[in-house]
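Here is what each chain is made of, one letter per residue.
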Amino acid sequence: MSPPSASEILTPANPKGLRDIPFEIPAVDPVEKRRASRILDALTERYPDARCALDYSAAHELLIATICSAQCTDVAVNKATPALFKAFPTPKDYAASTPKKIEPYVKSLGFFRNKALAIHESMSVIAQEHGGETPSTMDELLALRGVARKTANVVLGNAFGINMGVVVDTHVNRIAKRFGLAPQDATVQAVERRLMALFPRDRWTDLSHRLIWHGRQVCKARGALCAGDDICRKFCSNSKGDR
Ligand code: SF4
């Protein structure tokens, strides 16, 4: 008999049995879970090709692109990173350089001094403490400069296929609340935990991509196109249709 998966192991600290998740997952009732499942089905049908919009060809490049994406669009990041990745092919190349030499490559992205510093320091740690390999655990990623849960979830979910949480960016935060998946006053941390409770673990990364695509294509932060969209009509409290 094969050993139980992480999601099958029940522990008192975490009744949903996600033993490797170091915090409590909130309880949700089965009706909420069924509704969440219908939302995910509808989003999956609408956005079958939803994926990470950042360009990368190695885990450390995705980490850098995600650091660069703070307060700026993925399109702008994708314009800037080819030259950066060409100039610094490996974490060791960043470590051997300086933040000042990285700055020109990220200058177009805003907060470029902070971003160059975070790139240099995180790549230096990867080069010096991880043998040049991007770490694949939440704790190791969170120890890097410029990396919080959102960035770590992007890297783990997309570069390594590991679901340790849900990426909650501005779109996910907004739509989760509009779809009634989280309370209006929930913090980003509370939204993530609600989504982790409502959706199967193997869909957490998918879920964030699909919510982000709905956010970009239909539910734009300014001027949401609330009329006439099937998903909105079924699931959003802003729509005039039935929920
Ligand atoms: S109904 Fe409007 S506010 Fe709600 S998800 Fe759709 S576009 Fe966004």
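Residues numbered from 1 in each chain as written. Predicted model: local features only at pLDDT ≥ 70, side-chain atom pairs only at ≥ 80, totals over all residues.

Student: Looking at this model, I keep getting lost on the overall build of the chain. Mind explaining?
Tutor: A tally of helices and strands in the chain yields twelve helices and zero strands. Each helix and strand of the chain, placed in order from N terminus to C terminus, yields the pattern α-α-α-α-α-α-α-α-α-α-α-α. Counting over 243 residues, the chain shows a buried share of 36%. (Helix = DSSP H or I, 4+ residues; strand = E, 2+ residues; numbered from the N terminus. Buried ≥ 20, exposed ≤ 12 C-beta atoms within 10 Å, placed from the backbone.)

Student: Please clarify how helix 8 (residues 149-159) should be interpreted in this entry.
Tutor: One turn of the α-helix equals 3.6 residues, which is why residues spaced by three or four share an orientation. Of all eleven residues that make up helix 8, eight are buried, and the element is covered over most of its length. T151, A152, N153, V154, V155, L156, G157 and N158 are the residues of helix 8 that are buried. Packed against the buried residues of helix 8 are helix 2 (59-68), helix 7 (138-142) and helix 11 (204-217). Just beyond helix 8, the residue with positive phi is G161, at close to 65°. (Contact = placed C-beta atoms within 7 Å.)

Student: Can you walk me through the nonpolar core in this structure?
Tutor: The tendency in soluble globular proteins is for nonpolar side chains to be buried side by side. With 57 residues, the main nonpolar core has I119, A176 and L195 as its most contacted residues. Per element, the largest residue contribution to this core is six residues, and it comes from helix 2. Residues from two domains meet in this core; each of domain 1 (29-47 + 166-235) and domain 2 (59-133) gives at least three. Contact partners of A176, with chain neighbours within four places excluded, come to L181, A182, V191, L195 and L211. (Core = buried A, V, L, I, M, F, W, Y, C linked by C-beta atoms within 7 Å. Domains from an automatic or database assignment.)

Student: I tried to follow helix 2 on my own but got confused; where do I start?
Tutor: Counting buried residues along helix 2, nine of its ten residues qualify, which places the element largely inside the surrounding structure. Those residues of helix 2 that fall on the buried side of the exposure criterion are H60, E61, L62, L63, I64, A65, T66, I67 and C68. Contacts from the buried residues of helix 2 go to helix 3 (74-87), helix 4 (91-95), helix 5 (99-106), helix 6 (112-129) and helix 8.

Student: Would you mind going over unusual backbone geometry with me for this structure?
Tutor: Excluding glycine, residues mostly have negative phi values, and the peptide bonds linking residues are mostly trans. Of note, the phi angle at Q71 is positive, near 60°, even though the residue is not glycine. Structurally, Q71 can be placed in the loop between helix 2 and helix 3. The backbone of F111 sits at a positive phi, close to 50°, despite the residue not being glycine. Here F111 lies in the loop between helix 5 and helix 6.

Student: Please clarify how the packing of helix 2 against helix 6 should be interpreted in this entry.
Tutor: Each pair of packed helices gets described by two things: the angle between the helix axes and the distance between those axes. Helix 6 packs onto helix 2 with a crossing angle of 155° between their chain directions and a minimal axis gap of 10 Å. In terms of axis orientation, helix 2 runs roughly antiparallel to helix 6. The way helix 2 lies across helix 6 gives a crossing that is right-handed. Counted together, H60, L63, I64, I67 and C68 of helix 2 and K115, A118, I119, S122, M123 and I126 of helix 6 form the full contact between these two elements. Its residues placed into classes, the contact of helix 2 with helix 6 shows eight nonpolar, two polar and one charged. (Axes fitted to C-alpha atoms, helices over the stretch in contact; angles between N-to-C directions. Parallel < 35°, antiparallel > 145°, perpendicular 65-115°, else oblique. Left-handed = near helix turned anticlockwise from the far one by under 90°. Nonpolar A, V, L, I, M, F, W, Y, C, P; charged D, E, K, R; others polar.)

Student: What is the right way to look at the environment of V166 in this model?
Tutor: Examined against the element boundaries, V166 turns out to sit in the loop between helix 8 and helix 9 (170-178). On the basis of neighbour count, V166 is assigned to the buried category, with 27 C-beta atoms found within 10 Å. Distance from V166 to D206, taken between C-alpha atoms, is 9.0 Å for residues 40 residues apart in sequence. Beyond its immediate stretch of four places on either side in the chain, V166 contacts N153, E192, L195, M196, W204, L207 and S208.

Student: Is there a simple way to explain the confidence of the model for the chain in this structure?
Tutor: Parts of the model with low pLDDT should not have their predicted coordinates read in detail. Residues of the chain with pLDDT of at least 70 account for 90%, and the chain-wide mean is 90. Within the model, the stretch residues 1-13 combines pLDDT values under 50 with 15 contacts to residues more than four positions away or in other chains. (pLDDT = per-residue confidence, 0-100.)

Student: Even after reading the chapter, I still don't get the environment of L156, so can you show me in this structure?
Tutor: Mapped onto the secondary structure, L156 falls in helix 8. By C-beta crowding, L156 is classed as buried, having 24 other C-beta atoms within 10 Å. As for L156 and S136, which are separated by 20 residues in sequence, their C-alpha atoms are 6.2 Å apart. Those residues within four positions of L156 in sequence are excluded, and the remaining contacts are S136, M138, I162 and M164.

Student: Honestly, the environment of F235 in this entry has me stumped. Any pointers?
Tutor: With respect to the helices and strands, the residue F235 is situated in helix 12 (residues 230-235). Sequence spacing of F235 and R178 is 57 residues, and the spatial spacing of their C-alpha atoms is 8.2 Å.

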